[in-house]
Amino acid sequence: MVVRNELSDEQIDRVFQALAASTRRDILRRTIAEEQSVSELARDYDMSFAAVQKHVAVLEAAELIVKRAEGRERLVRANPEMIARARALLSRYEDLWRHRIARLDDLLAEDDPDAGPASRGSTTP
């Protein structure tokens, strides 16, 4: 079973690199709840405005957020489409591993002479 995805390897790398930092995960969480300006986001972090801008740029490059101009402000909101695509990828990996673990359970049950027929094919932990 191979995990296929509509995201390119480069997109997947950008998404996981973006989510690797707790500040970026927090920015994403906050922009899922509501659109915020970069200035509003920066107020809550103990770092420079420029550092927050860099975090926003990484999230934007990964397409996890969308930034738009409104006058002099830059407003940021989460991109639910890309979040759903990343979630779907993780779900496929989860399915792959659940299938492999179930298959391993089946193989171990076949090799266990003490296992009765009722325990064979069971995939519950």
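Presented here is a report on the structure given in the accompanying data block.

What counts and what doesn't
- Residues numbered from 1 in each chain as written.
- Predicted model: local features only at pLDDT ≥ 70, side-chain atom pairs only at ≥ 80, totals over all residues.
- Heavy atoms only, no water.
- Pairing = 2+ DSSP bridges.
- Helix = DSSP H or I, 4+ residues; strand = E, 2+ residues; numbered from the N terminus.
- Contact = heavy atoms within 4.5 Å.
- Axes fitted to C-alpha atoms, helices over the stretch in contact; angles between N-to-C directions.
- Expected span 1.5 Å × (residues − 1).
- Salt bridge = Lys/Arg side-chain N within 4 Å of Asp/Glu carboxyl O.
- Parallel < 35°, antiparallel > 145°, perpendicular 65-115°, else oblique.
- Buried < 20%, exposed > 50% of the residue type's maximum accessible area, 1.4 Å probe, protein only.
- Arc of directions from axis to C-beta.

1. Description of the sheet that holds strand β3 (residues 73-78)
With antiparallel pairing, three strands are arranged side by side in an open sheet as β1-β3-β2. On the outer flanks of this sheet lie β1 (36-37) and β2 (65-70), each paired with one strand and no other. Here helix α2 (residues 22-33) sits on the sheet and contacts β1, β2 and β3; the angle it forms with β3, its principal contact strand, is near 90 degrees.

2. Examining helix α4 (residues 49-61)
Its 13 residues place the ends of α4 18 Å apart at the C-alpha level, agreeing with the 18 Å of an ideal helix rising 1.5 Å per residue. Elements that come into contact with the buried residues of α4 comprise α1 (9-19), α2, α3 (38-43), β2 and β3. Taken from the residues just after α4, Glu 63 is the one with a positive phi, measuring 65 degrees.

3. Re the pattern of salt bridges
Here the idea is simple: oppositely charged side chains can pair when their charged atoms come close. All told, the structure shown has six salt bridges when counted by the stated rule. With a shortest N-O distance of 2.4 Å, Arg 29 and Asp 26 are connected by a salt bridge. Placement of both Arg 29 and Asp 26 in helix α2 is noted, with a separation of three residues, approximately one turn of the helix. Among the charged side chains, a salt-bridge network with shared partners connects Glu 35, Arg 68 and Glu 70.

4. Considerations on the packing of α2 against α4
At a minimum axis distance of 10 Å, the contact between α2 and α4 shows a crossing angle of 75 degrees. The angle between α2 and α4 falls in the class roughly perpendicular. Every residue of α4 that contacts α2 at Thr 23, Arg 24, Ile 27 and Leu 28 is listed here: Val 52, His 55, Val 56, Val 58 and Leu 59.

5. Observations regarding α2
Helix length check: α2, at 12 residues, gives a terminal C-alpha distance of 17 Å against a target of 16 Å (1.5 Å per residue), a fit within 8%. Listed as buried for α2 are Thr 23, Arg 24, Ile 27, Leu 28, Arg 30 and Thr 31. Projected onto a plane normal to the axis of α2, the buried residues spread over an arc of 165 degrees and lie on a single side. Exposed positions of α2 whose direction lies more than 90 degrees from the buried face are Ser 22, Arg 29, Ile 32 and Ala 33.

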